[in-house]
Amino acid sequence: EYCKKIVERHHLPMKIIDSHFSFDGGKVVFPFIADTRVDFRQLVKDLTHHFQKSIRLQQIGIRDEAKISGDFGSCGRKLCCKTHLAGLDSITSDLAEVQQIAHRGSERLSGQCGRLRCCLAFESDTYKELAGKLPAIGSIIKTPQGKGKVIGWHTLKQTVDVRIEGGDGN
C-alpha cells in the first residue's frame, strides 16, 4: 500500500501488482505493469529509504498480472495460467477458427487479461486431432441418402453437415 501511495504521489503511469520479500529480508520486489517506459528512479529512492532494503521494480506483462491476481475464468474454473500452464506460445485468432468459435466476438474470446484466452492454445491440439478424423469440407461422401458434399463440421460432436446431391436441404 505504501508503494502504491508513493506511485500516486509521483504521478507515475504504472500499476503496482504485488510485492515479494526475499527470505533473508534484504530485498523487496515490486512487479508492475505500464504501457510505456517509466522513470522510477525517485520512487526507488523513496522505497529504499522507507523499507531500508534493496528495492527492485520488475515490469511484467498483462498476462502475468492475471496470473498473479486473477482467480476464476468465465468457465468457472481457476485460471489456466494460474494452475497448470507455465508458458505459452503465441495465441492467435487462428486458434479460435480451429475451434470454430471465431464468430463469438472478441469479448467472449478474451480472458481476464483482455487478451485471447490461454485455453485456446491449450485445447488446440485436441481440436486438430478431432478435426483430422472428419472428411475435408468440400469432399464428396456416401451417405444412406446418397452421395453428398461436406459443407460444415461440428468438431466436438464429430459430425458433419452434408448437402445431398440433387436435394435442396442439408
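Here is a short report on the structure shown in this document. Fair warning: this is a prediction, and the values are worked out from it, not measured in the lab. (Residues numbered from 1 in each chain as written. Predicted model: local features only at pLDDT ≥ 70, side-chain atom pairs only at ≥ 80, totals over all residues. Heavy atoms only, no water.)

## Section: the sheet that holds strand 5 (residues 140-143)
Taking strand neighbours across the sheet as the criterion, the three strands line up as 5-6-7 in an open arrangement whose pairing is antiparallel. Each edge of the open sheet carries a strand with a single partner, namely strand 5 and strand 7 (159-164). Here the strands of the sheet are splayed against their neighbours by 55° on average, with no regard to which way each runs. Where strand 5 lies against strand 6 (residues 146-154), four bridges are found, and the strand directions are antiparallel. Counterpart to K142 in the pairing with strand 6 is K147. (Pairing = 2+ DSSP bridges. Helix = DSSP H or I, 4+ residues; strand = E, 2+ residues; numbered from the N terminus. Axes fitted to C-alpha atoms, helices over the stretch in contact; angles between N-to-C directions.)

## Observations regarding the pairing of strand 4 (residues 54-59)
Sheet topology note: the strand 3 (residues 27-33)/strand 4 ladder contains six bridges and is parallel. Bridging across to strand 4, F30 finds its partner in L57. The parallel pair strand 3 and strand 4 is bridged by helix 2 (residues 41-51), and the resulting crossover is right-handed. (Right-handed = clockwise from strand over helix to strand, strands pointing away.)

As far as function goes, none of this settles anything; it's purely spatial.
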